[in-house]
Amino acid sequence: DFRRAMSQAGTSQFQEVIRQELEYSMKVELDKILATAPSNELEHTKKDLEGFKKLFHRFLQEKGPSVDWGKIQRPPEDSIQPYEKIKARGLPDNIASVLNKLVVVKLNGGLGTSMGCKGPKSLIGVRNENTFLDLTVQQIEHLNKTYNTDVPLVLMNSFNTDEDTKKILQKYSHSRVKIYTFNQSRYPRINKETLLPIAKDVSYSGENTECWYPPGHGDIYASFYNSGLLDNLIGEGKEYIFVSNIDNLGATVDLYILNHLMNPPNGKRCEFVMEVTNKTRADVKGGTLTQYENKLRLVEIAQVPKAHVDEFKSVSKFKIFNTNNLWIALSAIKRLQEKNAIDMEIIVNPKTLDGGLNVIQLETAVGAAIKSFENSLGINVPRSRFLPVKTTSDLLLVMSNLYSLNAGSLTMSEKREFPTVPLVKLGSSFTKVQDYLRRFESIPDMLELDHLTVSGDVTFGKNVSLKGTVIIIANHGDRIDIPAGALLENKIVSGNLRILDH
């Protein structure tokens, strides 16, 4: 035992030496990069690299999955409230005064590359020529006009989306919404083998574009605080932010949740509310809320030990997942940020660059900070508040007659008999937005659709109706053109346009 203890001590000492050497080497490289910053970018770059250094330090300290599976418990009953209970409280007469304490924040750092588009994802057209950003501005403008309020919109951009977004913002200069932006940090990608940055200087254009990355939406706390905007909004009397992904079309301002925050039934305000919703088979990878060391904690699939991944995915044990619609007290962000007390697990995101080089990105997720806030709460909201558009399959749903558009908000059509969303899987020929648009002369009638799978070279004529389960598979080298006006109900269409009953 003594010998084993000695060898373990030796191993941990050895690991400590290696850790210190890696940190020193990283510091040397970051200093070299900082030395290339022009004077007008120096302060900003310094803050970014300091933040990165802290993250790298923690990355070297932590090993293996970051949760002890044995400590994970189901959250206590009252820590996740049903939305119906929140809604049943009704609304106060002075809803305007409650709304005037709110700021809407949209996470706008992502590019549309996964859907074959250049530039910010928020500028992709999703409905009647309206982009994600158009719909967001319309929603808030409608609120401000209806209640005579001043709810501002804040966009957290990344260095990838900032310039294009700012250009487009000019078109809203006459709308009744104040729009602010701030940039999230810019961190260097790390070579997987050497654990050193691949960037040699601060530039991020031309051949250097692949050297840098925005470190996930958990960066919101530090960059919002560092931008000075947090203090300005607190100075204007704002108290809560409602944060969501700009591509989640269900994430509209909910007056009942806001009222619950501002006028809590027990008099004790929540600093952090996470909207969760019931899992379906499609959501098994979504992060879930658990009780961990007497705190609500978000557990993501990447943190789960391999032996327990199937258990984590089980819909019966973990019934809900995080929608990333979050309501957070501004004063709490300021307090925790100043104490350096926001604790988020590190997500290690491996990437392979175009030239084949393997790199890692260290990221954090905004919801992971829930355990750092006081009196946190989960609210189990209807599925309609989670309507993300990640793929063209999602785009087909929101463009169709399943939804009607009113003042920037999409709601499920009353003509649909059951409120679930059909399962749509479009094949690789539809991945890019321009290919997808070319393959539909008009968006089919999908009011009675349950399931659609399309694979291969398939095009749709005008006024097609899809009902029940429809599967269309064009084999390699074949092409299927669904004729205009066709009604497909429980059909399998395969190879050479044979239409079979499903």
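Residues numbered from 1 in each chain as written. Predicted model: local features only at pLDDT ≥ 70, side-chain atom pairs only at ≥ 80, totals over all residues. Heavy atoms only, no water.

- For the chain, the name recorded in an unreviewed UniProt entry is UTP--glucose-1-phosphate uridylyltransferase, with Casuarius casuarius as its organism.
- Within the UniProt record for the chain, the comment given under Pathway (unreviewed entry) is "Glycan biosynthesis; glycogen biosynthesis."
- The UniProt entry for the chain carries this comment under Catalytic activity (unreviewed entry): "alpha-D-glucose 1-phosphate + UTP + H(+) = UDP-alpha-D-glucose + diphosphate". (UniProt positions renumbered as here; feature names shortened; annotations may be inferred.)

What about the overall build of the chain?
No. 1: The helix and strand inventory of the chain stands at 13 helices and 26 strands.
No. 2: A compact globule built from 502 residues would reach a C-alpha radius of gyration of about 23 Å, and the chain, at 25 Å, matches this within 12%.
No. 3: Counting every position in the chain, which comprises 502 residues, the buried fraction comes to 50%.
No. 4: For the chain, the computed accessible surface area is about 24,200 Å², with 50% contributed by carbon and sulfur atoms.
No. 5: Considering the chain, the positive charge centre built from 62 side chains and the negative charge centre built from 59 side chains are found 2 Å apart. (Helix = DSSP H or I, 4+ residues; strand = E, 2+ residues; numbered from the N terminus. Rg over C-alpha atoms; globule rule 2.2 N^0.38 Å. Buried < 20%, exposed > 50% of the residue type's maximum accessible area, 1.4 Å probe, protein only. Areas by Shrake-Rupley, 256 points an atom, 1.4 Å probe, with all protein chains shown as cover. Lys, Arg positive; Asp, Glu negative; His and termini not counted. Charge placed at Lys NZ, Arg CZ, Asp CG, Glu CD.)

Considering the pattern of salt bridges
Any two side chains of opposite charge can pair, so long as their charged atoms come close to each other.
No. 1: With the rule as written, the count across this model stands at 25 salt bridges.
No. 2: Salt-bridge contacts for Lys53 lead to Glu50; the nearest nitrogen and oxygen are separated by 3.6 Å. Of this pair, Lys53 and Glu50 both sit in helix 2 (residues 42–61), three residues apart, which is roughly one turn of the helix.
No. 3: For Lys53, a relative accessible area of 25% gives the class partly exposed.
No. 4: By relative accessible area, Glu50 is classed as partly exposed at 41%.
No. 5: With its nearest N and O atoms 2.5 Å apart, the salt bridge here joins Arg269 to Glu239. In this pair, Arg269 sits in the loop between helix 9 (255–262) and strand 11 (272–278) while Glu239 sits in the loop between helix 8 (229–235) and strand 10 (240–245), placing the two residues 30 residues apart along the sequence.
No. 6: Overall, Arg269 belongs to the partly exposed group, its relative accessible area being 35%. (Salt bridge = Lys/Arg side-chain N within 4 Å of Asp/Glu carboxyl O.)

Points about the UniProt feature "binding site: substrate" (unreviewed entry) in the chain
No. 1: As recorded in UniProt, the feature "binding site: substrate" (unreviewed entry) lies at His217.
No. 2: Take His217: it is sitting in the loop between strand 9 (212–213) and helix 7 (220–226).
No. 3: Sequence-distant contacts of His217, defined by excluding residues within four places in its chain, comprise Leu107, Met156, Asn245, Asn324, Thr364, Ala365 and Val366. (Contact = heavy atoms within 4.5 Å.)

Structural notes on helix 6 (residues 162–169)
No. 1: Buried within helix 6 are the following residues: Asp162, Thr165 and Leu169. End-on, the buried residues of helix 6 take up no more than an arc of 70°, which puts them together on one face. Structural note: helix 6 exposes Glu163 and Lys167 on the side pointing more than 90 degrees away from its buried face. (Arc of directions from axis to C-beta.)

Considerations on the sheet that holds strand 16 (residues 358–363)
No. 1: The three strands lie next to each other as 8-16-15, forming an open sheet whose pairing is antiparallel. The open sheet has two edge strands with one neighbour each: strand 8 (190–191) and strand 15 (347–352).
No. 2: In terms of strand pairing, strand 8 meets strand 16 through two bridges, oriented antiparallel. The partner of Ile190 across the bridge, within strand 16, is Ile360.
No. 3: Along the sheet, helix 2 contacts strand 8, strand 15 and strand 16; its crossing angle with strand 16, the most-contacted strand, is approximately 105°. (Pairing = 2+ DSSP bridges. Axes fitted to C-alpha atoms, helices over the stretch in contact; angles between N-to-C directions.)

A look at the nonpolar core
No. 1: With 107 residues, the main nonpolar core has Ile220, Tyr221 and Phe460 as its most contacted residues.
No. 2: A per-element tally of this core places helix 5 (residues 132–147) first, with six residues.
No. 3: Mapping this core onto the domain boundaries places at least three of its residues in each of domain 1 (67–381) and domain 2 (390–492).
No. 4: Beyond its immediate stretch of four places on either side in the chain, Phe460 contacts Phe430, Arg439, Phe440, Glu441, Pro444, Val454, Leu466, Ile472 and Ile482.
No. 5: In terms of nonpolar packing, the next biggest core, distinct from the first, is built from 26 residues, Ala37, Leu49, Leu195 and Val359 among them. (Core = buried A, V, L, I, M, F, W, Y, C linked by side-chain atoms within 4.5 Å. Domains from an automatic or database assignment.)

Observations regarding the sheet that holds strand 17 (residues 377–380)
No. 1: Across the sheet, which stays open at both edges, the eight strands sit in the order 1-17-11-14-10-2-5-6 with mixed pairing between neighbours. Single-partner strands in this sheet number two, and they are strand 1 (80–82) and strand 6 (179–183). Strand-to-strand twist of the sheet, defined as the mean angle between neighbouring strand axes without regard to direction, takes the value 25°.
No. 2: Bridge count for strand 2 (residues 102–108) against strand 5 (residues 153–157) is five bridges, and the pairing is parallel. Residue Val104 lies in a different strand from strand 5, and its bridge partner there is Leu153.
No. 3: Across the sheet, helix 5 touches strand 2, strand 5 and strand 6, and the angle it forms with strand 5 is around 155°.
No. 4: On the sheet, helix 11 (residues 330–338) packs against strand 10 and strand 14 (320–329) and is oriented at approximately 90° with respect to strand 14.

Description of unusual backbone geometry
No. 1: Positive phi values are uncommon outside glycine, yet Asn375 reaches one of about 55°.
No. 2: Here Asn375 shows up in the loop between strand 16 and strand 17.
No. 3: Although it is not a glycine, Asn490 adopts a positive phi angle of roughly 50°.
No. 4: The topology assignment puts Asn490 in strand 25 (residues 487–494).

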